[in-house]
Amino acid sequence: MKLILLGAPGAGKGTQAEIISEKLHIPTISTGNILREAIKNGTETGLKAKSFMDAGKLVPDDVIIGIVSERVAQPDCANGFILDGVPRTIPQAEALEAAGIHFDRVISIEIEDAVIEARMTGRRVCGSCGASYHITAHPPKVEGICDACGKELVIRKDDAPETVKNRLKVFHAETEPLKNFYEKLGVLKLVEGNQPIESATKDILAALGV
Ligand code: AMP
């Protein structure tokens, strides 16, 4: 199963990717998490990406395409994978197709901008493993601590309200056209994102036919 989760920042892609990944026993590839890790480790990719990410802009396509091609070639991706937060532009989607990576399903998690803006103030992420939480909708068992790895939860720098507005603008301009791209390939399914996490998971699994 090769799957893409599409949707605005804060739509719930990361949360759903974690759940589906466990259920289907396939890894999640989150370019956002890979880039944040690269910044933390001070790698060349991290240095290139940081200013774009801090401003809520997209990191250049060639950097992203390099990251994804390298990651999907790893042995744990042999039986499939979930892409979270990638592709985000038509050239990224075209590069994946050109590399012979075709998708069984592309799930677009649909949600209004106003709901996203309200949601983002409550998002917390693990500074170590990248797992994501929400202070009311998906709280950790112990406040401020990651359930998965026990490390501290933090607020993402790019979740500041002004940056979120910019990320939503970029989403509508650059990423939303991908719905049409995958609709034409016959693999697109829409799922309502403004509902409890478990209900969205149910809808995604139904859309996947599992
Ligand atoms: P995310 O965690 O998916 O919200 O990504 C955080 C930030 O990383 C984005 O706002 C972009 O700056 C960058 N980023 C992540 N994935 C991509 C991608 N596929 N294309 C371009 N930039 C990306």
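In the block above lies the structure referred to throughout.
Residues numbered from 1 in each chain as written. Predicted model: local features only at pLDDT ≥ 70, side-chain atom pairs only at ≥ 80, totals over all residues. Heavy atoms only, no water.

**Q** With reference to specific residues and values, describe the pairing of strand β1 (residues 2-7).
**A** Of all six residues making up β1, five are buried, and the element is well covered by its neighbours. Judged from the four bridges that link them, β1 and strand β3 (residues 81-84) form a sheet pairing that is parallel. Bridge assignment links Ile4 to a residue of β3, and that residue is Leu83. In the sheet, β1 pairs with strand β4 (residues 105-110) via five bridges, with the strands oriented parallel. When the sheet's bridge partners are listed, Leu6 is paired in β4 with Ser108. (Buried < 20%, exposed > 50% of the residue type's maximum accessible area, 1.4 Å probe, protein only. Helix = DSSP H or I, 4+ residues; strand = E, 2+ residues; numbered from the N terminus. Pairing = 2+ DSSP bridges.)

**Q** So, helix α4 (residues 61-72): which residues are in play, and what are the values?
**A** Between its first and last C-alpha, α4 extends 16 Å over 12 residues, near the 16 Å set by a 1.5 Å rise per residue. In this fold, the buried residues of α4 make contact with β2 (28-30), α2 (31-40), α3 (44-54), β3 and α5 (90-98). (Expected span 1.5 Å × (residues − 1). Contact = heavy atoms within 4.5 Å.)

**Q** Tell me about the site of the ligand, and please be specific about residues and values.
**A** If you check the shell around the ligand, you find 16 residues, and the closest are Thr31, Arg36, Lys57, Arg88 and Gln92. Here a nitrogen atom of the ligand and a side-chain polar atom of Gln92 are 2.9 Å apart. Arg156 is positioned with one of its side-chain polar atoms (N or O) 3.0 Å from an oxygen atom of the ligand. Contact with the protein chains covers 96% of the free accessible surface of the ligand, which is 480 Å². (Near = heavy atom within 4 Å. Polar contact = N/O pair within 3.5 Å; in protein donor to acceptor, adjacent residues only side chain to side chain. Areas by Shrake-Rupley, 256 points an atom, 1.4 Å probe, with all protein chains shown as cover.)

**Q** Quick rundown of the nonpolar core? Include the residues and the values.
**A** One finds Phe81, Leu83, Phe103, Val106 and Tyr182 to be the most contacted residues of the largest nonpolar core, which totals 26 residues. When contributions to this core are tallied by element, the ones reaching two or more residues are β1, α3, α4, β3, α5 and α8 (177-184). No other element matches the five residues that α4 contributes to this core. The residues contacting Phe81, other than those within four sequence positions of it, are Met1, Lys2, Leu3, Ile26, Pro27, Ile29, Val72, Ile101 and Phe103. Formed by 21 residues, the second largest nonpolar core is a distinct cluster that contains Leu3, Ile26, Ile82 and Ile116. (Core = buried A, V, L, I, M, F, W, Y, C linked by side-chain atoms within 4.5 Å.)

**Q** Residue-level account of the pattern of salt bridges, with values.
**A** According to the stated counting rule, one finds 10 salt bridges in the structure shown. Between Glu110 and Lys179 there is a salt bridge; the shortest N-O distance is 2.9 Å. Pair noted here: Glu110 is in strand β4 and Lys179 is in helix α8, with a separation of 69 residues, a long-range link. With a relative accessible area of 18%, Lys179 lands in the buried category. (Salt bridge = Lys/Arg side-chain N within 4 Å of Asp/Glu carboxyl O.)

**Q** Break down the packing of aromatic side chains for me, with residues and values.
**A** Applying the stated rule across the entire model yields three aromatic pairs. Taking 6.4 Å as the distance between ring centres and 85° as the angle between the ring planes, the aromatic pair formed by Phe81 and Phe103 counts as edge-to-face. Of this pair, Phe81 sits in strand β3 while Phe103 sits in the loop between α5 and β4, and the two are 22 residues apart along the sequence. This pair shows no difference in class: Phe81 is buried, exactly as Phe103 is. (Phe/Tyr/Trp six-rings, centres within 6.5 Å; stacked < 30°, edge-to-face > 60°.)

**Q** Quick rundown of the environment of Arg123? Include the residues and the values.
**A** Positionally, Arg123 belongs in strand β5 (residues 123-126). Remark: the alpha-carbon pair of Arg123 and Pro27, spanning 96 residues in sequence, is separated by 23 Å. Excluding residues within four positions of it along the chain, Arg123 makes contact with Gly10, Tyr133, His134, Ile155, Arg156, Asp159 and Arg167. In terms of polar contacts, Arg123 uses its side chain to reach the side chain of Asp159, at 2.9 Å.

**Q** Tell me about unusual backbone geometry, residues and numbers included.
**A** Cis rather than trans, the peptide bond between Val86 and Pro87 has omega equal to 0°. Its location among the elements puts Pro87 in the loop between β3 and α5. Of note in the backbone geometry, His25 takes a positive phi value of approximately 55° without being a glycine. In this fold, His25 is placed in the loop between α1 (13-24) and β2.

**Q** Quick one: what's the story with the sheet that holds strand β6 (residues 132-134), residue by residue and with numbers?
**A** Taken in spatial order, the three strands make up an open sheet running β6-β5-β7, and their pairing is antiparallel. Two strands lie at the open edges of the sheet, namely β6 and β7 (153-154), each paired on one side alone.

Functional significance is not addressed by these values, which are geometric in nature.
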